[in-house]
Amino acid sequence: MPLSTNPTESLINPQTRPQAAAAMFTVRDPLGSVPLRLLINGAPHDVSVEPWTTLLDALRERIGLTGTKKGCNHGACGACTVLVDGRRVLSCLTLTLTVREREITTIEGLAGSDGALHPMQRAFAEYDALQCGYCTPGQVVSAVGMLAEVDRACPSAATPPTRSFAGRTDLDEREIRERMSGNLCRCAAYQNIVAAIRHVAASTAPDRDGRDDHAAL
């Protein structure tokens with residue numbers, strides 16, 4: 001006669017106790033992979049990751065989106081910058097499990113559905129705001145996220161504390177350099193990066209959600 005796994009019966013029939021205890025106290029391996037769905041550049045991706053897997057490694061090694069670069073892998077260089085729900089994050093310091101079902105945008109997702117470059121991508125090319133190009137994806141994504149922060153009138157450490165930040169009209173070179181200070185360029189193309197961002201800020205208009213209005217470009 002097979003042993004029952006009913007916990008209540010195990011109290012009555014001692015023969016069922018070992019099997020019932022095993023059923024009651026079975027736990028998931030905390031180090032095992034976890035299946036989850038990521039929404040990346042508007043498309044769902046089903047992946048299995050270990051709890052310690054960073055978003056950077058998931059993007060590059062599990063999904064094959066290698067535009068996001070691994071620089072220092074310590075959150076100090078900004079090469080791995082992506083947008084999560086429209087806000088800048090360092091993907092090397094972000095656990096993949098924390099961004100499930102959230103909107104993730106990488107450098108590959110900035111271009112339009114017809115392949116047209118995002119205005120920030122075009123500006124970086126036109127102003128020669130790159131040399132080796134390794135940090136460029138993170139620079140471009142960070143600049144897009146930064147401009148959205150400006151459109152939400154978020155102040156920075158460079159904003160005078162005596163008045164409110166007025167958005168793009170207050171976005172001078174000092175503001176841009178402070179807001180982009182988390183993205184390092186080892187080739188020192190900073191002057192052209194600033195010029196590219198200033199061009200986009202002046203030539204595009206924010207939409208009601210504080211993002212670039214692509215329809216107006």
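Rules and cut-offs
Residues numbered from 1 in each chain as written. Predicted model: local features only at pLDDT ≥ 70, side-chain atom pairs only at ≥ 80, totals over all residues. Heavy atoms only, no water. Buried < 20%, exposed > 50% of the residue type's maximum accessible area, 1.4 Å probe, protein only. Helix = DSSP H or I, 4+ residues; strand = E, 2+ residues; numbered from the N terminus. Pairing = 2+ DSSP bridges. Axes fitted to C-alpha atoms, helices over the stretch in contact; angles between N-to-C directions. Parallel < 35°, antiparallel > 145°, perpendicular 65-115°, else oblique. Left-handed = near helix turned anticlockwise from the far one by under 90°. Contact = heavy atoms within 4.5 Å. Salt bridge = Lys/Arg side-chain N within 4 Å of Asp/Glu carboxyl O. Core = buried A, V, L, I, M, F, W, Y, C linked by side-chain atoms within 4.5 Å.

S.K.: What should I look at first to understand the pairing of strand β3 (residues 81-84) in this one?
M.R.: Consecutive residues of a regular strand have side chains that alternate between opposite faces of the sheet. Where burial is concerned, the two faces of β3 agree: the one with Thr81 and Leu83 and the one with Val82 and Val84 are both buried. The sheet contact formed by β3 and strand β4 (residues 87-90) spans 4 bridges and is antiparallel. What sits directly across from Val82, in β4, is Val89. Hairpin connection of β3 to β4: 2 residues between the antiparallel strands, including Asp85 at a positive phi of 55 degrees. Bridging between β3 and strand β5 (residues 103-105) involves 2 bridges; their strand directions are antiparallel. Bridged to Leu83 within β5 is Thr105.

S.K.: It is not clear to me how the packing of helix α4 (residues 119-126) against helix α7 (residues 190-203) should be interpreted in this structure. Could you clarify?
M.R.: Each pair of packed helices gets described by two things: the angle between the helix axes and the distance between those axes. Here α4 crosses α7 at 140 degrees, and the two axes come no closer than 9 Å. Between α4 and α7, the crossing angle belongs to the class labelled oblique. In this structure, the crossing between α4 and α7 has a hand that is right-handed. Seen from α4, the contacting residues are Pro119, Met120, Ala123, Phe124 and Glu126; seen from α7, they are Ile193, Ala196, Ile197, His199 and Val200.

S.K.: It is not clear to me how the side chain of Thr68 should be interpreted in this structure. Could you clarify?
M.R.: Relative to the helices and strands, Thr68 resides in the loop between α3 (55-63) and β3. With a relative accessible area of 2%, Thr68 lands in the buried category. In this structure Thr68 touches Leu56, Leu59, Arg60, Cys80, Val82, Ser91, Thr106, Ile107 and Glu108, once residues within four positions along its chain are discounted.

S.K.: I tried to follow α4 on my own but got confused; where do I start?
M.R.: Residues lying three or four places apart along an α-helix face the same way, a consequence of the helix completing one turn every 3.6 residues. For α4, the complete set of buried residues consists of Pro119, Met120, Gln121, Ala123 and Phe124. Buried-residue contacts for α4 involve α5 (136-151) and α7. Within two residues after α4, Asp128 carries a phi angle of roughly 55 degrees, on the positive side.

S.K.: Sorry if this is basic, but what is going on with the pattern of salt bridges here?
M.R.: Pairing is possible between side chains of opposite charge, provided their charged atoms come close. Summed over the entire model, instances satisfying the criterion amount to 9 salt bridges. Put simply, Asp46 and Arg37 hold a salt bridge, and the shortest N to O gap is 2.8 Å. For Arg37, a relative accessible area of 39% corresponds to the partly exposed category. With a shortest N-O distance of 2.8 Å, Arg88 and Glu149 are connected by a salt bridge. Taken together, the residues span a long stretch of sequence, with Arg88 in strand β4 and Glu149 in helix α5 at a distance of 61 residues. Residue Arg88 is classed as partly exposed on the basis of its relative accessible area, which comes to 24%.

S.K.: For this particular structure, what's the right way to read the nonpolar core?
M.R.: In summary, soluble globular proteins display a tendency toward joint burial of nonpolar side chains. Met120, Phe124, Met146, Leu171, Ile176, Ile193 and Ile197 are the most contacted members of the largest nonpolar core, which totals 27 residues. Only α4, α5 and α7 provide two or more residues apiece to this core. Among the elements that take part in this core, α5 stands out by supplying 7 residues, more than any other. Setting aside residues up to four positions removed in sequence, Ile176 forms contacts with Met146, Leu171, Val194, Ile197 and Arg198. In this structure, Leu36, Val47, Val49 and Leu55 belong to the second largest nonpolar core, which totals 14 residues.

S.K.: What's the story with the environment of Asn192 in this structure? I'm lost.
M.R.: Mapped onto the fold, Asn192 is located in helix α7. Taking the relative accessible area as the measure of exposure, Asn192 reaches 31% and is therefore partly exposed.

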